[in-house]
Amino acid sequence: MPSHDGLLFTGADWNFDKLQRTHDAIARIAHDELGLDTYPNQIEVITAEQMLDAYSSIGMPLMYKHWSFGKHFAADESLYRKGMRGLAYEIVINSSPCISYVMEENSMAMQTLVVAHAAFGHNHFFKNNALFRQWTDAKGILDYLEFAKGYIQHAEERHGQRAVERVLDAAHALMSHGVHKYPRKRPFDLAEDKRREKERQDWFQQNYNDLWRTLPKGGATPPVDEDLAERKRALGLPEENILYFLEKSAPLLAPWQREILRIVRNIAQYFYPQKQTKVMNEGCATMVHYTIANRLHEQGRIDDGTLMEILHSHTNVVFQPGFDDPRYAGLNPYALGFAMMQDIVRICTQPTAEDRAWFPDFAGNNDSWATLRHAWADYRDESFILQFLSPQVMRKLRLFHLHDKAEDDDMVVKAIHDERGYRQVRQTLARSYDIGALEADIQVADVDLSGDRRLIVHHRVANGILLDPAQAGHTLRHLANLWGYKVQLVEVDENGAPLHICEDMEPV
Amino acid sequence: MNIIDRRLNPKGKSLANRQRFLRRAREQIRKAVREASSGRSITDIDGGEGISIPMDDLREPGFRRAAEGGIRDYVVPGNKEFIAGDTIAKPPKQAGGAGGAEGSPDGGGEDAFHFVLSRDEFLDLFLEDLELPDMDKKNLQKSEQMAFSRAGLSVTGSPSNLNLVRTMRNSLSRRIALKRPKPAEMAELQAAIAELEENGDNPELLSELRLELEAQLTKSRRVPYIDPVDVRYNRFQATPKPISQAVMFCLMDVSGSMTEHMKDLAKRFYMLLYLFLNRRYAHVDIVFIRHTHEAKEVDEQTFFYSTETGGTVVSTALVEMARIVKARYSPHDWNIYAAQASDGDNTNSDNGTTIGLLTSAILPLCQYFAYIEVGAEYKDWLGRETDLWRTYKSVAAPNMAMRKVRNRAQIFPVFRELFSREKSHAQP
């Protein structure tokens, strides 16, 4: 095609014309060759200070006002001014149109990288990944934030900054426990209710033991149990979405306070998929920018210098230091995601016998981008790693599994990147990306409605790891403030037996 | 695709968040600021300040798992020598062990929060609750300075003050009221005429239309697009403005009895006063007058650092100050502040002259006169207070204050005492 001729730009400086041309050239490759499906793009050029602004309000273009954003800004700014931290080259927002912020300091090569990475890589992922499709509403988010901002501003005018701040502080503390983790609750229906009632009866009959009938009646224990079941049914307990529970059931909250809880909850829900798809999201974007930069170079649209500059940044981004390196800070999601996706391409096009044995579904299918698009659409980090992490990548990253038991003096290497260890390493790695492993399992278990209305919250302890006591104390205080009465936290083991009961927390 | 240039958008989008943050941490920040000010050297009080405050109210807690205890499984990259079954000694107890993925990113474990206050924020907190003493209001009335403020519209004025919106609105309503033909209508008419002229089959209509066009043209000439009656100008009114300049006289005894320590205390006091005045007035001049048995106006460097020998005659400094005021700082145009620092020595015979000068010449000129006695508690062999202290004590003027300062830590409290809001309001 004639429009494919010639360099898109020369020199390091960017301007709007070059940006537009480059975007169009990238769009052609992304849509026609890679088959990406994206929201319309909106690229916004901002300054470093505006980037800091965006950082502090969790990357969103508009946000309600809260002191914690000011705190983050102050912290980021002081690190940035001292030169201890660089700024991201871009921020991208899961909205339609998909907004990408690019910094004015970037060179044109960097802008090319950023447009390919954010405006096509992330954009495609946002639009196609099942989690994002299920949990986020890209078209509605900006309007919703506008509403949220206005609502909270209005509430501040009516009820005072302090009163609003009190609710927001508490809601923020419970934010990560303000999401529905499973597909939305179905509307309450009678048939379902009947079935549940019958189930309860059945359970009672199955567990009926005549022996109990002969016991002397002591106290009022059985009625309490019935009460409990009834209460739990009425309040929908146990409930792991604490903010939802408080919004619906906290006795003392005013309607505006409930609405604020709802706002925080909706925002938490909007970010919920991002937590679970870090590796995939970044891997996808990195894979896309890498492929596109190379294609542009092959087509003669960018010169060698530009490609080198892009690759230089790319290499920095996907750098993975070993565990014994002072720079090591955990597995780099860019590195892991990119390595896995590159390996998928290799398996599709040049499979070895090992690949055919491990990935019979797609080894050698010669349609690597369709395979990638399928993976991006239907998986999250945990399942993606469980399905697609190949022995080759484990060998390349030299992954091994460490087992650390608090009582023991030593850690044990349980498995390494060898024939016997592949599956275990892969499983353990996948599990570490499971949301259940990332966040404590906290549930509202019971409310003492007949007594002092105490709220009882359970932490289901996994692997014997308790909550951080200081943090839990502060968070409980917030929870008590919202609930309005005492709150008790019980840490229970897998069978529901209490391990540790925290002191009751009174509201202040 | 859209490319939007946001660089020109207003900055400081998170200003409101910052203000909320500062308000929340106000107590801690205020404490940190006060502490910082007693430690740092005077010259950089006037800059921004990096401060550390305790996390107390700034925690963002959450139900997070403890960093220790239990069973943990990590997958780690970079294996060089391990095989399954190997054991590795645990790193000594500190953050950042193998697979240290559990670190709390939001400072859950941190005790202090470090950030930078801007110069204005720093000074706001530093000088919070301080107020200038009630001023002699007649000074303001005599003020010659005028400020212009908007005061409605007028039908006359200079072209630069033309109010375009009002003018065009008047013009539009007049054109509608007088039925001025619209250009579009006339163009339509002309087109119709041109068409009729071309095919020429309806001469009657043609002449009718021509007449109509003629009438419209006449009318549009008669009713102008903009008429002088439409024109409006923004009107500005001059109002007398309070004097927004001040001069600060620093008077100091530099005779041999004044030690470096005493001078440092005095300097700190002057510095605070300067910062404070600078916040309140658009323009502040400083005049340094030092004296032994004679007084001289000097620059800052000489004032604080060069030594001089001689006796102590305080009145000479007051004479010099009166002279300078007369020569350069008319009390009508300037708010005059004076701060005198001394160890309290004075030649006995001069006390009478000093007090005479102070009450008759200096105090009437000044908005405020502060006397700071620096150094160790000094009493003469009779156990009396210093000459100057006793002398000044007999003066009872509302715009005069005197305090003793023994060490650095007292400077700020004394300063606050002199200018605290309650006090200035309590005064008549």
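All of these numbers come straight from a predicted model, not from anything done at the bench. (Residues numbered from 1 in each chain as written. Chains lettered and ligands numbered in written order. Predicted model: local features only at pLDDT ≥ 70, side-chain atom pairs only at ≥ 80, totals over all residues.)

Trainee: How should the overall build of chain A be read in this particular structure?
Mentor: Each helix and strand counted, chain A has 22 helices and 9 strands in total. Looking at the 508 residues of chain A, the share that counts as buried comes to 43%. Of the contacts made within chain A by residues no fewer than 6 positions apart, 70% connect residues no fewer than 24 positions apart. (Helix = DSSP H or I, 4+ residues; strand = E, 2+ residues; numbered from the N terminus. Buried ≥ 20, exposed ≤ 12 C-beta atoms within 10 Å, placed from the backbone. Contact = placed C-beta atoms within 7 Å.)

Trainee: Looking at this structure, how should I read the overall build of chain B?
Mentor: What chain B contains, in helices and strands, is 14 helices and 13 strands. Residue pairs in contact within chain B that sit at least 24 positions apart in sequence constitute 80% of those at least 6 positions apart.

Trainee: How do you make sense of the sheet that holds strand β9 (residues 498–501) of chain A when you look at a structure like this?
Mentor: Across a sheet, paired strands are connected by hydrogen bonds in the backbone, their directions being either parallel or antiparallel. Residues and elements named next belong to chain A. One open sheet holds the 4 strands; their spatial order is β6-β7-β8-β9, and the pairing between them is mixed. The open sheet terminates on both sides in strands that have one partner only, identified here as β6 (441–447) and β9. Neighbour-to-neighbour, the strand axes of the sheet open up by a mean angle of 30 degrees, direction not taken into account. Two strands pair when backbone bridges link them, and β6 and strand β7 (residues 455–460) are joined in this way by 6 bridges, in the antiparallel orientation. Residue Val447 lies in a different strand from β7, and its bridge partner there is Leu455. Sitting on the sheet, helix α22 (residues 469–483) touches β7 and β8 (487–492), and the angle it makes with β8 is about 135 degrees. (Pairing = 2+ DSSP bridges. Axes fitted to C-alpha atoms, helices over the stretch in contact; angles between N-to-C directions.)

Trainee: In this structure, what is going on with the pairing of strand β9 (residues 283–291) of chain B? I would like to understand it.
Mentor: A regular strand places its side chains so that they alternate between the two faces of the sheet. Residue and element names in this part refer to chain B. Bridge analysis of strand β8 (residues 245–253) against β9 gives 9 bridges, and the strand direction is parallel. The residue of β9 that forms the bridge with Met248 is Ile286. Considered for its hand, the β-α-β crossover made up of β8, helix α8 (residues 260–280) and β9 is right-handed. Pairing between β9 and strand β10 (residues 295–298): 4 bridges, direction antiparallel. Considered in β10, the bridge of Arg290 is made with Lys296. Adjacent in sequence and paired antiparallel, β9 and β10 are bridged by 3 residues. (Right-handed = clockwise from strand over helix to strand, strands pointing away.)

Trainee: Any chance you could explain the domain arrangement of chain A here in plain terms?
Mentor: For an interface, size is often stated in terms of accessible area lost upon the parts coming together. Residue and element names in this part refer to chain A. Each assigned domain of chain A is listed with its residue range as follows: domain 1 (2–129) and domain 2 (318–436). Listed by partner, the interface residues are 5 residues for domain 1 and 4 residues for domain 2. Here the residues of the side of domain 1 that touches domain 2 are counted per class, giving 2 nonpolar, 3 polar and no charged. (Domains from an automatic or database assignment. Nonpolar A, V, L, I, M, F, W, Y, C, P; charged D, E, K, R; others polar.)

Trainee: Please explain the packing of helix α7 (residues 161–173) of chain A against helix α12 (residues 255–276) of chain A as it appears in this structure.
Mentor: Helix packing for two helices is described by the angle between their axes and how far apart those axes are. Residue and element names in this part refer to chain A. Where α7 contacts α12, the two axes come as close as 10 Å, and the packing angle between them is 35 degrees. Where α7 crosses over α12, the handedness of that crossing is right-handed. For the pair formed by α7 and α12, the contact residues are Val167, Leu168, Ala171 and His172 on the first element and Gln257, Ile260, Leu261 and Val264 on the second. (Left-handed = near helix turned anticlockwise from the far one by under 90°.)

Trainee: Before we go on, may I ask you to explain the pairing of strand β1 (residues 41–46) of chain A in this structure?
Mentor: In terms of residue burial, β1 of chain A counts as a mostly covered element, since 5 of its 6 residues are buried. When β1 of chain A meets strand β3 (residues 98–103) of chain A, the two strands line up parallel, connected through 6 bridges. Paired with Asn41 of chain A across the bridge in β3 of chain A is Cys98 of chain A. Looking at chain direction, β1 of chain A and strand β1 (residues 2–5) of chain B are connected through 4 bridges and run parallel. Looking at the pairing, Gln42 of chain A lines up with Asn2 of chain B of β1 of chain B.

Trainee: Would you mind going over unusual backbone geometry with me for this structure?
Mentor: Peptide bonds are mostly trans, and most non-glycine residues show a negative phi. Omega for the peptide link from Ser96 of chain A to Pro97 of chain A comes to 0 degrees, which places this bond in the cis form. Here Pro97 of chain A lies in the loop between β2 (90–93) and β3. In this model, Lys179 of chain B sits at a positive phi of 55 degrees, which is unusual for a non-glycine residue. Within the secondary structure layout, Lys179 of chain B lies in the loop between α5 (164–177) and α6 (183–199).

Trainee: I tried to follow the packing of helix α4 (residues 108–128) of chain A against helix α13 (residues 278–298) of chain A on my own but got confused; where do I start?
Mentor: Residues and elements named next belong to chain A. Close contact between α4 and α13 brings their axes to 8 Å; oriented N to C, the two are set at 135 degrees. In terms of orientation, α4 and α13 fall into the oblique class. The chirality of how α4 crosses α13 is right-handed. Along the contact surface, α4 presents Thr112, Leu113, Ala116, His117, Ala118, Phe120, Gly121, His122, His124 and Phe125, while α13 presents Asn281, Cys284, Ala285, Thr286, Val288, His289, Ile292 and Ala293. Across the contact of α4 with α13, the residue classes tally to 10 nonpolar, 8 polar and no charged. (Parallel < 35°, antiparallel > 145°, perpendicular 65-115°, else oblique.)

Trainee: Would you mind going over the interface of chain A and chain B with me for this structure?
Mentor: Counting residues at the interface gives 79 residues for chain A and 55 residues for chain B. Considering every element that reaches the side of chain A that touches chain B, the biggest residue donor is helix α3 (residues 67–81) of chain A, with 10 residues. Along the lines of polarity and charge, the residues of the side of chain A that touches chain B split into 32 nonpolar, 30 polar and 17 charged.

Trainee: How should the confidence of the model for chain B be read in this particular structure?
Mentor: Segments scoring low in pLDDT should not have their predicted coordinates read at a detailed level. Residue and element names in this part refer to chain B. Averaged over all residues, the pLDDT of chain B is 78; the fraction at 70 or higher stands at 83%. Mean pLDDT in chain B bottoms out at helix α4 (residues 138–141), which sits at 44, and peaks at α5, which reaches 94. Below a pLDDT of 50 lies the segment residues 136–143, which in the model reaches 10 contacts outside its immediate sequence neighbourhood of four places, other chains included. Overall, residues 423–428 carries pLDDT values under 50, and its contacts beyond four positions in sequence, including any with other chains, amount to 9 contacts. For this predicted complex, the interface score ipTM comes out at 0.78, alongside a pTM of 0.72. (pLDDT = per-residue confidence, 0-100.)

Trainee: I'm lost on the nonpolar core in this one. Help?
Mentor: Generally speaking, soluble globular proteins have nonpolar side chains that are buried together. Within the largest apolar cluster, 159 residues are counted, with the highest numbers of intra-cluster contacts made by Ala171, Ile260, Val264 and Val487 of chain A. With near-sequence residues (within four places) excluded, Val264 of chain A lies in contact with Ala171, His172, Met175, Gly178 and Leu243 of chain A. Counting residues in each nonpolar core, the second largest holds 57 residues, with Leu272, Leu277, Ile289 and Leu388 of chain B among its members. (Core = buried A, V, L, I, M, F, W, Y, C linked by C-beta atoms within 7 Å.)

Trainee: Help me out: how do you make sense of the environment of Ala409 of chain B in this one?
Mentor: Tracing the backbone shows Ala409 of chain B in helix α13 (residues 408–419). Spatially, the C-alpha atoms of Ala409 of chain B and Leu265 of chain B are 9.6 Å apart, while their sequence positions differ by 144 residues.

Trainee: Got a minute to help me understand the sheet that holds β1 of chain A in this structure?
Mentor: Taking strand neighbours across the sheet as the criterion, the 4 strands line up as β2(A)-β3(A)-β1(A)-β1(B) in an open arrangement whose pairing is mixed. Edge positions in the open sheet fall to β2 of chain A together with β1 of chain B, since each of these has one partner strand only. Strand after strand, the sheet turns through a mean of 20 degrees between neighbouring axes, direction not considered. Where helix α2 (residues 48–56) of chain A meets the sheet, it contacts β1, β2 and β3 of chain A, and its direction lies at approximately 135 degrees from that of β3 of chain A.

Trainee: Looking at this structure, I do not really get the environment of Glu27 of chain B. What am I missing?
Mentor: All names here are of chain B. Within the element layout of this structure, Glu27 appears in helix α2 (residues 26–39). Residue classification places Glu27 among the exposed positions, given that 12 C-beta atoms sit within 10 Å. For the pair Glu27 and Ile53, spaced 26 residues apart in the sequence, the C-alpha separation amounts to 9.6 Å.

Trainee: Help me understand the confidence of the model for chain A, please; the structure alone is not making it clear to me.
Mentor: All names here are of chain A. Overall, the prediction assigns chain A a mean pLDDT of 85, with 89% of residues at 70 or greater. Ranking the elements of chain A by mean pLDDT puts helix α8 (residues 190–206) last, at 58, and helix α15 (residues 333–349) first, at 94. Per-residue pLDDT stays below 50 along residues 185–190; that stretch engages in 1 contact with residues further than four places along the chain or on separate chains. A low-confidence stretch, residues 219–223 (pLDDT under 50), is modelled with 0 contacts involving residues beyond four sequence positions or located in other chains.

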